[in-house]
Amino acid sequence: MLSAKPLNKFLSKLLFPVVEELPFFGMYCLLMNHFMIRRIYGKITIPQEYINTSYWSILASMCVVFLAAYLFSWIIARSGKTWVRVTAYVVLLVLFAVDIFLIERFGMAISPTMLILLAETNRQESAEFVQTFMGWNDNKAVYSAIFLAIAAIGIFEKAYRGKALSWLRNNLLRWKWVVAILAVGILCKLGIGIASLGTYYRMFQCDDSDALAMWSEESPCDPLSNTIYAFYGIQVSKAETNRAVEISLLRDEAVQCDEDSITVLLVIGESYIKQHASLYGYELNTTPNLCREQALGNLYVFNDVCAPFNQTTLVMKNLLSCNSISDGESWSAAPFMPSVFARGGFDVLYWDNQRSETSVFEFTVNKYIYNEHFDSIYTETNAKTERYDQDLIDSFKARKHRRDDAPQLVMFHLWGQHMNPEERYPDEARFIHFTEDSIRRNEAYLTPEKRRTIANYDNATLYNDMIIDEIITLYKDKNAVMVYLADHGEEVYDYRDNLGRRSGGMDANILRYQYAVPFIIWCSSKYQERHPAHLEAIKRAVDKPFMTDNTCQVLFHLAGVKSRFYNPERDPLSDEYRTPKRLVNRNVDYDDYVKRH
């Protein structure tokens, strides 16, 4: 039989971290469990939206937080160093602040995607982000919660270390019933927390983004777990990039092209809400040049196209690779699309206005697109990003490499309507066509400031129309064909009081505004004369459902490229096209969801 003395000794050691560091232990459990507390409240009040969330999964996640709080408290207590305690509090507050800001403003948690966005954000975008999303008026709840957390820590620490609560600290282990309850509770939670750590073992077995995304659906949701997941995710993405580069550099793949002087243009826009294009029926005339080209019979508008993600990095990796998400293929298991054109004898030119000048992490999309092993693929690229897209086009006009005796793949990646929209065009009267008075809507949440933001977005859309027309003008007398699409959509107070890409749960409107994108094909007169069959194929395809991860198939068709990577079943211009199951975010059936909601 266990004697009282060994039992007391065991209980004293068990409770030692909690007693010594009760303020930290309590605040860690509270702040790191705020998301789980919300889930409990949501499951009680709106159970139909949390039908796939069990109380057991919530308890398991909370016990993982409890285990981490216990371990950190033990480290602080054993060290006896003030700087260790202060460092632990700083880490706790940073994790809490970042997590609550992301959840409240964007409906997202700490994740690999968040780190990707951070890694590919340059100084200009950072300043615009702070200006747009971190103001006091839109973040009162967030900043108040952070301030209250800091105040609570200060008050609790001072009271517990001083006279106010010294009696609690000195007598806690003497109250047998308290000790018994604490011991049983701690042992149970520690046991569940340790058992739940098996989920981290499963995470480290994931070797691709798809498997990791599936793991994240059942993982603990506290900020520390999300941070571990995020940093592991960048390592997985780095390995994927290496695999994709290796596949792209294989030289034993035959590629042929019947053309000797064709120019294929791929223009990638940014954050384009198709409902703000007069080309798609918007009441303001935001696309006069594209509408003119359509009236002349040179431009064809595709009406049912969606992006696979609403983040640039994820879209670009799948857009520029020869994979198909609907067929379960990873972007890293397929070659880099420009490498196929290069093997077919094309000059490849890429002018990118979102090129990171300094890459923070090696897993970013720019590390893929500008991989050192891809230098032989490009004939020429731009040296730096420009303030406005017009400057990018001007730098393209001034390029050194000019020749018309070889087929060309020319790609542009624009700033487009990237937030902040008022930063996307020069602050000159000739570019400001729309004002807050142009926005004739009567929703209660539309303040004058928000109407100005919408007007700024429409001005950016009009400026983008001018840029596309500038590109068209460069090639209107050549044998040229252009595909224009946006990486993803956006929201600018369109149907709810929201700016940006905050989700807060998937619904049909989010899909329509953040995932549905404009997709157009423009053909020069010479191209139309030489390729009448292609022209008829385009006309037949404009209403077919399509997802932009298969854009390479359209480009191969238009360019006359013959390669084993061309699959007519994925090409809407082909009679063999099979309408795909369009999976956005890898698991949401776009068509089924829009129809049902």
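This section reports on the structure supplied with the text.

How each quantity is defined
Residues numbered from 1 in each chain as written. Predicted model: local features only at pLDDT ≥ 70, side-chain atom pairs only at ≥ 80, totals over all residues. Heavy atoms only, no water. Helix = DSSP H or I, 4+ residues; strand = E, 2+ residues; numbered from the N terminus. Buried < 20%, exposed > 50% of the residue type's maximum accessible area, 1.4 Å probe, protein only. Contact = heavy atoms within 4.5 Å. Areas by Shrake-Rupley, 256 points an atom, 1.4 Å probe, with all protein chains shown as cover. Disulfide = S-S within 2.5 Å. 1 Å grid on protein atoms, 1.4 Å probe; cavity = no way out; pocket = protein on both sides within 12 Å on 5 of 7 lines; lining within 4 Å. Points joined across faces, edges and corners; volume = space filled by probe spheres on them. Nonpolar A, V, L, I, M, F, W, Y, C, P; charged D, E, K, R; others polar. Pairing = 2+ DSSP bridges. Axes fitted to C-alpha atoms, helices over the stretch in contact; angles between N-to-C directions. Core = buried A, V, L, I, M, F, W, Y, C linked by side-chain atoms within 4.5 Å. Parallel < 35°, antiparallel > 145°, perpendicular 65-115°, else oblique. Left-handed = near helix turned anticlockwise from the far one by under 90°.

### A word on the overall build of the protein chain
Regarding its fold elements, the protein chain presents 24 helices and 13 strands. Within the protein chain, buried positions represent 55% of all 597 residues. Relative to all contacts within the protein chain whose residues are 6 or more apart in sequence, the contacts with residues 24 or more apart total 78%. A total of about 26800 Å² of accessible surface is found on the protein chain, and carbon and sulfur atoms cover 57% of it.

### Details of the state of the cysteines
What the rule picks out here adds up to zero disulfides. Left without a disulfide partner, Cys322 is nearest to the cysteine sulfur of Cys552, which lies 4.2 Å away. Using a relative accessible area of 5% as the deciding quantity, one classes Cys322 as buried.

### As for empty space enclosed by the protein
Scanning the model with the defined rule gives one cavity of 30 Å³ or more in all. Quantified by volume, the largest cavity comes out at close to 40 Å³. What lines the largest cavity is Tyr272, Ala277, Leu279, Tyr280, Leu290, Tyr484, Pro518 and Ile520. Split by residue class, the lining of the largest cavity holds eight nonpolar, no polar and no charged.

### Points about the pairing of strand β2 (residues 263-269)
For β2, the buried fraction is high: seven of the seven residues fall into the buried class. Along β2, one buried face is formed by Thr263, Leu265, Val267 and Gly269 and the opposite face, lined by Val264, Leu266 and Ile268, is buried too. Note: β2 against strand β7 (residues 408-413), six bridges, orientation parallel. When the sheet's bridge partners are listed, Val267 is paired in β7 with Phe412. Alignment of β2 against strand β8 (residues 480-486), held across seven bridges, turns out to be parallel. The residue of β8 that forms the bridge with Val267 is Tyr484.

### Quick look at the sheet that holds β8
Strand order in the open sheet formed by seven strands is β3-β9-β8-β2-β7-β5-β6, and the pairing between neighbours is mixed. Of all the strands in the sheet, the pair left with one neighbour each is β3 (299-302) and β6 (380-381). The sheet contacts of helix α19 (residues 448-475) involve β2, β7, β8 and β9 (519-523), and relative to β8 the element is tilted by about 165°.

### What about the nonpolar core?
Ranked by internal contacts, the top residues of the largest apolar core, which has 105 residues, are Met337, Phe412 and Ile521. Discounting chain neighbours no more than four positions away, the residues touching Met337 are Leu266, Leu320, Ser321, Cys322, Leu409, Met411, Cys552, Leu555 and Phe556. Membership of the second largest hydrophobic core comes to 36 residues, among which are Val18, Met27, Tyr70 and Phe101.

### Here's the deal with the packing of helix α18 (residues 389-397) against α19
In the contact formed by α18 and α19, the axes pass within 10 Å of each other and the chain directions differ by 15°. If you check the angle between α18 and α19, you find them roughly parallel. In the packing of α18 onto α19, the handedness of the crossing is right-handed. Along the contact surface, α18 presents Asp389, Gln390, Ile393, Phe396 and Lys397, while α19 presents Tyr463, Met466, Ile467, Glu470, Ile471, Leu474 and Tyr475. Its residues assigned to classes, the contact of α18 with α19 comprises eight nonpolar, one polar and three charged.

### Points about the pairing of β9
Burial of β9 is extensive: five of the five residues sit out of reach of the surface. The alternating pattern of β9 places Phe519, Ile521 and Cys523 on one face and Ile520 and Trp522 on the opposite face, and all of these are buried. Bridge analysis of β3 against β9 gives four bridges, and the strand direction is antiparallel. In the sheet register, Val301 faces β9, and the bridge partner there is Ile520.

### Regarding helix α15 (residues 312-319)
Across the eight residues that make up α15, a large majority, eight, are buried. Buried within α15 are the following residues: Thr312, Thr313, Leu314, Val315, Met316, Lys317, Asn318 and Leu319.

### A short note on the environment of Asp347
Mapped onto the secondary structure, Asp347 falls in strand β5 (residues 347-352). Asp347 gets classed as buried once you look at its relative accessible area, which sits at 8%. Linking Asp347 and Tyr378, residues 31 residues apart in sequence, is a C-alpha distance of 7.1 Å. In this structure Asp347 touches Thr379, His401, Arg403, Ala406, Pro407, Gln408 and Leu409, once residues within four positions along its chain are discounted.

### Some thoughts on the packing of helix α5 (residues 82-106) against helix α8 (residues 140-161)
Any two packed helices are characterised by how steeply their axes cross, that is the angle between the axes, and by the distance between the axes. The contact between α5 and α8 brings their axes to 9 Å, and the two run at 155°. Comparing their axes, α8 and α5 come out roughly antiparallel. Seen along the crossing, α5 lies across α8 with a hand that is right-handed. Across the interface between the two elements, Arg85, Tyr89, Leu93, Phe96, Ala97, Ile100, Phe101 and Glu104 from α5 touch Val142, Ala145, Ile146, Ala149, Ile150, Ile153, Glu157 and Arg161 from α8. Residues of the contact of α5 with α8, tallied by class, amount to twelve nonpolar, no polar and four charged.

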